[in-house]
Amino acid sequence: MSSPQIPEKQWAQVIEKTGGPLEYKQIPVQKPGPDEVLVNVKYTGVCHTDLHALNGDWPLPTKLPLVGGHEGAGVVVARGQLVSEVNVGDHVGIKWINGTCLSCDFCMQSDEPLCAKAQLSGYTVDGSFQQYAIAKAAHVARLDKNVPLDGVSPVLCAGITVYKGIKESGARPGQTVAIVGAGGGLGSLAQQYCKAMGIRTIAIDAGDDKKKMCEELGSYAFVDFSKSKNVVKDVQAATEDGLGPHAVILLAVSEKPFQQAAEYVRPRGTVICIGLPAGASLKAPVFESVIRMITIKGSYVGNRRDTAEALDFYAKGLIKAPFKVVGLSELPKVFEMMEKGQIAGRYVLDTSK
Ligand code: NAD
Ligand code: ZN
């Protein structure tokens, strides 16, 4: 195959300092290291994590200057000398876990998100809010060439993460799961994965647009946290026997729902924490948690196997979540809407605009 033309400069959204502003400008295209590939990113989803990175919300500093983004779908245009499994022309995805050591205790057990040396796309290494991004060949997600690159991009973080979270919850077909933050990017995909697995969902979020979307995505009930006088009672009342959902998947970007979930989950139920609101703490009453035998756990993205499985659901047409495509140059507007909670589903950026 003839080598594709790789320009020396490219468009990117760059954060020079934490808190912003974003600068849309031309920067050099990097060369891949021996174990890396260079990906011509065609589309990239915008995750709330990218906004947390810009705002400096977490107790983990980002690299600076930083190119954010970790839902990049594109085509391999160059590879390092040690790369043999990924070819120029392959369709791949750049996900949050850009690279790991592959030899620590966690990597050896396929728990690579827990690797202490994990490199994070769009956080500790430059990510997909640029036209050409670098990723470790061992970790790029393999995409079928028939899969549309715009639609698949949100699966690369949102999809993998919720797929893993549902598995961690232990919920089984026929059971009920409450999705908190159901109207957002992760939430919209969580409802679709649950539906595909035969799990019933109660959606929790705010506003009529999100209610309509959640019903279309398969949730049989919607609890509007902005209108409800008692979210705990309303979620329990939405289950057939009134005992509460078998599991709760917390994707919200505020602390309060993290304090409520243990109260409304069913006895012996599981609360899965995925959302990462700034400065938030988990709190649950000891007495009730003990005598109701509640499990509370965290879930963090997914490993390479989870990635392949989550993508397979998408490739088979089992997962369809709404997304809107705008140009890479429009990222500041997307962040503005995200900050206000105005996005139903996901925004995807076209890097050619
Ligand atoms: P998003 O902005 O698209 O969606 C968040 C949703 O939460 C919004 O619809 C908002 O209305 C809703 N919400 C806010 N307060 C709520 C409340 N009190 N009750 C119910 N819903 C509420 O964000 P996203 O891209 O879906 O990301 C969600 C969170 O997940 C972020 O904090 C992100 O950093 C985190 N995340 C974690 C992982 C992980 O591996 N653990 C991976 C990806 C993203
Ligand atoms: Zn993400």
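These numbers were taken from a predicted model, which means no experiment stands behind them.

Conventions and cut-offs
- Residues numbered from 1 in each chain as written.
- Chains lettered and ligands numbered in written order.
- Predicted model: local features only at pLDDT ≥ 70, side-chain atom pairs only at ≥ 80, totals over all residues.
- Heavy atoms only, no water.
- Helix = DSSP H or I, 4+ residues; strand = E, 2+ residues; numbered from the N terminus.
- Rg over C-alpha atoms; globule rule 2.2 N^0.38 Å.
- Buried < 20%, exposed > 50% of the residue type's maximum accessible area, 1.4 Å probe, protein only.
- Contact = heavy atoms within 4.5 Å.
- Areas by Shrake-Rupley, 256 points an atom, 1.4 Å probe, with all protein chains shown as cover.
- 1 Å grid on protein atoms, 1.4 Å probe; cavity = no way out; pocket = protein on both sides within 12 Å on 5 of 7 lines; lining within 4 Å.
- Points joined across faces, edges and corners; volume = space filled by probe spheres on them.
- Nonpolar A, V, L, I, M, F, W, Y, C, P; charged D, E, K, R; others polar.
- Near = heavy atom within 4 Å.
- Polar contact = N/O pair within 3.5 Å; in protein donor to acceptor, adjacent residues only side chain to side chain.
- Domains from an automatic or database assignment.
- Pairing = 2+ DSSP bridges.
- Buried area = accessible area lost by both parts, 1.4 Å probe.
- Salt bridge = Lys/Arg side-chain N within 4 Å of Asp/Glu carboxyl O.

(A) Inspection of the overall build of the protein chain at higher detail. The helix and strand tally for the protein chain stands at 11 helices and 18 strands. In summary, the protein chain has a C-alpha radius of gyration of 20 Å against a globular reference of 20 Å for 353 residues, a match within 12%. For the protein chain, the residues scored as buried account for 56% of the 353 residues in total. Residue pairs in contact within the protein chain that sit at least 24 positions apart in sequence constitute 69% of those at least 6 positions apart. Element-wise, carbon and sulfur atoms account for 53% of the exposed surface of the protein chain, whose accessible area totals about 15,800 Å².

(B) Molecular detail of empty space enclosed by the protein. One pass over the full model with this rule turns up 2 cavities of 30 Å³ or more. In this structure, the largest cavity encloses a volume near 50 Å³. Every residue lining the largest cavity is listed: Lys95, Trp96, Ile97, Leu156, Ile160, Thr161, Val301, Gly302 and Thr307. For the lining of the largest cavity, a count of residues per class yields 5 nonpolar, 3 polar and 1 charged. Empty space within the second largest cavity amounts to approximately 40 Å³. Of the residues that constitute the lining of the second largest cavity, the class distribution is 6 nonpolar, 3 polar and 1 charged.

(C) Fine view of the site of ligand 1. In the region of ligand 1, 30 residues are neighbours, and His48, Thr49, Asp205, Val301 and Arg346 sit closest. Within the backbone of Gly185, one N or O atom sits 2.9 Å away from an oxygen atom of ligand 1. Notes on ligand 1: free accessible area 870 Å², of which the protein chains cover 94%. The element best represented in the shell around ligand 1 is helix α1 (residues 48-55), accounting for 3 residues. Taken together, the residues of the shell around ligand 1 sort by class into 16 nonpolar, 11 polar and 3 charged. Two domains each provide a minimum of three residues to the shell around ligand 1, namely domain 1 (9-157 + 302-350) and domain 2 (160-298).

(D) Spotlight on the sheet that holds strand β1 (residues 9-15). Strand order across the open sheet formed by 3 strands is β2-β1-β4, with antiparallel pairing between neighbours. At either margin of the open sheet sits one strand with a lone partner, and together these are β2 (22-28) and β4 (66-67). The pairing of β1 with β4 spans 2 bridges and is antiparallel. Considered in β4, the bridge of Val14 is made with Val67.

(E) Examining the domain arrangement of the protein chain more closely. The domains assigned to the protein chain are domain 1 (9-157 + 302-350) and domain 2 (160-298). On a C-alpha basis, the centres of domain 1 and domain 2 stand 26 Å from each other. Contact with domain 1, which involves 26 residues of that partner, is made by 23 residues of domain 2. Each partner contributes to the roughly 2,100 Å² buried at the junction of domain 1 and domain 2, and carbon and sulfur atoms together form 63% of this total. Our count for the domain 1 to domain 2 interface comes out at 3 salt bridges. Two residues, Lys164 and Asp306, come together in a salt bridge whose shortest N-O distance is 3.0 Å. Between the two partners, domain 1 and domain 2, sit 14 residue pairs in polar contact (both at pLDDT 80 or more). Taken together, the elements giving at least two residues each to the side of domain 1 that touches domain 2 come down to α1 and α10 (304-315). Examining the composition of the side of domain 1 that touches domain 2, we find that 5 residues originate from one element, α10, more than from any other.

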